[in-house]
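Chain by chain, the residues run as shown.
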Amino acid sequence: MTSLQPIRGTHDILPDEYPRFAHVVEAARAVTRLYGYREMATPVFETTEVFARTSGETSDVVMKQMYSFVDRGGDPLTLRPEYTAGICRAFITNGQQQNVPFKVFAWGPMFRYERPQKGRYRQFYQLDIEVIGSPEPGADVEVIAVGADILDRLGVLKDCVLELNSLGDSESRAAHRKVLIDYFKAHEARLSEDSKSRLERNPLRIFDSKDEGDRALLPNAPLLKEYLTSSAQGFFAGVLRGLDDMGIAYRVNPHLVRGLDYYTHTAFEFVTTNLGAQGTVLAGGRYDGLIEQLGGPPTPGIGWAAGIERLMMLAGAPESAPRPVALVPLGEAAERKALSLARDLRRRGIAVELDYKGNMKRRLQRANKAGARAAVILGDNELAKGVAAVKDLDKGEQKEVALAALAEALSG
Ligand code: ATP
Ligand code: MG
């Protein structure tokens with residue numbers, strides 16, 4: 001029998017690596033809390049319609065990346081490819097309309113059937129924030145600032161550029177759409193098959209194509225910024241002004257569009273040159289029509305998502321975990337006493353290594369391997385006196401400590 005293999009495009013996060021993962025989540029948790037975002041979670045699967053309705057049928061995600069299946073009850077379900085749609089669904093089905101602005105932080109696994117490579121997986125993890133119910137440009141500025149501060153806390157902001165663009169409102173989009181379709185129609189033979197099928201449905205998406213032939217047509221394509229209504233222009237100016245006031249550097253990129261169909265007004269990405277083709281670390285935008293498309297009342301929203309694996313590749317190592325102490329009982333009575341002693345110390349917040357068996361030599365070897373700062377040696381003599389021998393494993397010094405005073409002595 002051949003041995004079982006992990007699924008292509010998935011990866012394990014082993015204990016050596018996990019602190020880097022947790023460090024990214026912790027940084028996001030700490031920063032979002034400072035801005036008043038509350039943490040939440042939604043299920044990893046939803047009815048397929050939640051994503052099909054919102055991401056747009058022309059998006060890469062819906063066209064080729066969704067893990068969709070019919071469950072035993074016959075319902076079409078999809079493993080979430082992103083968080084926004086699920087959070088908006090949760091906002092509606094839990095009647096959170098009275099709780100706006102609904103400012104939330106979430107993280108968890110996402111699933112997309114794509115070609116695995118460095119920084120691109122089929123199961124990957126995202127950080128995500130959303131602000132639902134705020135139509136003001138100030139919300140756009142705030143979510144971008146939260147992203148910048150998380151990147152800064154991880155030490156990667158200096159390696160990233162914030163690019164942003166306005167995708168306008170529906171009026172701007174309709175005006176632009178016409179000329180864009182004309183332009184691409186004139187060059188239809190050079191378009192990829194995917195882009196041909198996007199042409200009538202959502203030509204803007206062609207700006208996000210990774211196909212070489214499509215990309216060659218982009219430098220001369222008519223830009224949305226020439227077609228923004230004055231109110232859309234005013235909105236974007238408000239966002240840029242707020243970023244200036246916050247001291248956040250940016251570059252307006254008139255070619256930037258986002259991978260999902262539901263964006264309006266602000267679209268942005270923090271991009272780095274340090275990850276090859278997978279340079280986008282954090283990306284998002286405003287999605288004022290999304291909640292309505294899900295069947296909720298018209299409600300504006302804005303948010304972003306960031307790939308945790310990509311952040312892990314860029315971020316420095318976190319502070320290492322506090323070092324444990326090792327309990328070294330010698331003999332049966334001491335071994336039994338060690339069980340309650342270890343439990344007591346752990347309840348007082350001290351990390352304790354206690355081997356299930358072994359002689360002194362073996363236990364001390366294990367203590368070193370675990371990086372223990374001290375060994376607490378407990379033999380029959382010590383037990384009789386109600387003490388333990390505490391050996392500082394860095395300095396080699398040893399002293400006797402009463403069992404009752406052990407927790408205090410080890411806390412320092
Ligand atoms: P890309 O252009 O790299 O495919 P995207 O536009 O599909 O990105 P989003 O849907 O905006 O990405 O997701 C937000 C972030 O999630 C990305 O910027 C990236 O950091 C991360 N991400 C997206 N897809 C993957 C993946 N397959 N593996 C790892 N991280 C991913
Ligand atoms: Mg993608």
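Residue positions are counted from 1 within each chain, in the order its sequence is given. Both sets of labels track the order of writing: A upward for chains, 1 upward for ligands. The model is predicted, so local features are restricted to residues of pLDDT at least 70 and side-chain atom pairs to those at 80 or more, both for listing and for counting; the totals for chains, interfaces and linings are taken over all residues. The side-chain figures draw on all heavy atoms in the structure; neither hydrogens nor water molecules are used.

## Quick word on helix 1 (residues 18-34)
Note on conventions: DSSP H or I runs of at least 4 residues are helices, E runs of at least 2 residues are strands, and numbering of each starts at the N terminus. By this rule, a helix spans an expected 1.5 Å times one less than how many residues it contains. The first and last C-alpha atoms of helix 1 sit 24 Å apart over 17 residues, in line with the 24 Å expected at 1.5 Å per residue. When a residue's accessible area, from a 1.4 Å probe over protein chains only, is under 20% of the maximum for its type it is buried; when over 50% it is exposed; and in between it is partly exposed. Among the residues making up helix 1, those that are buried are F21, V24, V25, A27, A28, R29, V31 and T32. Where the residues of helix 1 are buried, they touch strand 1 (38-39), strand 5 (102-111), strand 6 (123-132), helix 5 (137-153) and helix 11 (308-314). In the segment just after helix 1, G36 is the residue with positive phi, at about 85°. In what follows, a contact means two residues having at least one pair of non-hydrogen atoms within 4.5 Å.

## Structural notes on the sheet that holds strand 1
Ordered in space as 1-5-6-11-10-9-7-8, the 8 strands form an open sheet in which the pairing is mixed. Strands with a single pairing partner mark the edges of an open sheet, and in this sheet they are strand 1 and strand 8 (251-252). For two strands to be treated as a pair, DSSP must find no fewer than two bridges joining them. Of the pairings in the sheet, the one linking strand 9 (residues 264-272) to strand 10 (residues 280-286) comprises 6 bridges and is antiparallel in character. Among the inter-strand pairings, E269 is bridged to a residue of strand 10, identified as A283. To get an axis, a line is fitted to the C-alpha atoms, and for a helix only the part in contact is used. The angle between two axes follows their N-to-C directions and goes from 0 to 180 degrees. Along the sheet face, helix 5 touches strand 5, strand 6, strand 7 (160-166), strand 9, strand 10 and strand 11 (301-307) and points at about 15° away from the line of strand 11.

## Some details on the domain arrangement of the protein
Domain boundaries assigned for the protein yield domain 1 (18-169 + 229-314) and domain 2 (325-410). As used throughout, domain bounds are those supplied by an automatic or database domain assignment. One C-alpha centre belongs to domain 1, the other to domain 2, and the line joining them spans 49 Å.

## Let's talk about the site of ligand 1
Whether a residue is near a molecule or strand depends on its heavy atoms: if one lies within 4 Å, it is near. Taken together, 15 residues surround ligand 1, and among them R112, E114, R120, Y121 and R258 come closest. In the complex, 92% of the free accessible area of ligand 1, which totals 590 Å², lies under the protein chains. For the shell around ligand 1, the elements supplying multiple residues, two or more each, are strand 6, strand 10 and strand 11. If you tally residues by element for the shell around ligand 1, the top one is strand 10, at 3 residues. In this count, Pro and Cys sit with the nonpolar residues alongside Ala, Val, Leu, Ile, Met, Phe, Trp and Tyr, while Asp, Glu, Lys and Arg are called charged and the others, Gly among them, polar. Its residues assigned to classes, the shell around ligand 1 shows 5 nonpolar, 4 polar and 6 charged. Shrake-Rupley sampling with a 1.4 Å probe provides the accessible areas, and residues are treated as covered by the protein chains on show and by no other component.

## Some details on the pairing of strand 15 (residues 387-392)
Sheet topology note: the strand 14 (residues 374-378)/strand 15 ladder contains 4 bridges and is antiparallel. Each bridged residue has a counterpart across the sheet, and for I377 the counterpart in strand 15 is A389. As paired strands, strand 15 and strand 16 (residues 398-402) are joined by 5 bridges and run antiparallel to one another. Counted as the bridge partner of V387 is A402 from strand 16. In this structure, the hairpin formed by strand 15 and strand 16 is closed by a connection of 5 residues, where G396 is found at a positive phi of approximately 85°.

## With respect to the nonpolar core
In plain words, nonpolar cores are sets of buried Ala, Val, Leu, Ile, Met, Phe, Trp, Tyr and Cys residues tied together by side-chain atoms within 4.5 Å. In terms of nonpolar packing, the biggest core is built from 45 residues, with L127, V143, F270, V281, W304 and L311 touching the most fellow members. Looking at which element gives the most residues to this core, the answer is helix 5, with 9 residues. Residues within four places of L127 in sequence aside, it is in contact with V24, V25, A28, F105, A106, W107, I150, W304, A305, A306, I308 and L311. Core analysis: the second largest hydrophobic core is formed by 42 residues, F51, I87, F207 and A221 among them.

## A closer look at the environment of L154
The topology assignment puts L154 in the loop between helix 5 and strand 7. Taking relative accessible area as the criterion, L154 reaches 5% and is therefore assigned buried. Residues within four places of L154 in sequence aside, it is in contact with H23, V24, A27, L311, A315 and G316.

## Notes on the sheet that holds strand 4 (residues 76-79)
An order of 2-4-3 is seen for the 3 strands of this open sheet, with the pairing classed as antiparallel. With partners counted over all chains shown, the strands left at the sheet margins are strand 2 (45-47) and strand 3 (67-70), one partner each. Across the sheet, the mean angle separating the axes of adjacent strands is 30° when strand polarity is ignored. By the bridge criterion, 4 bridges tie strand 3 to strand 4 in an arrangement that is antiparallel. Note on strand 4: the bridge partner recorded for S68 is T78. Sheet strands in contact with helix 2 (residues 48-55) are strand 2, strand 3 and strand 4, and its direction is about 75° off that of strand 2.

## Digging into the pattern of salt bridges
Two side chains that carry opposite charge are able to pair once their charged atoms sit near each other. Salt bridges are counted wherever a side-chain nitrogen of Lys or Arg sits within 4 Å of a carboxyl oxygen of Asp or Glu. Counting across every chain of the model gives 19 salt bridges. With a shortest N-O distance of 3.7 Å, D208 and R205 are connected by a salt bridge. Residue class for D208 comes out partly exposed when judged on its relative accessible area of 22%.

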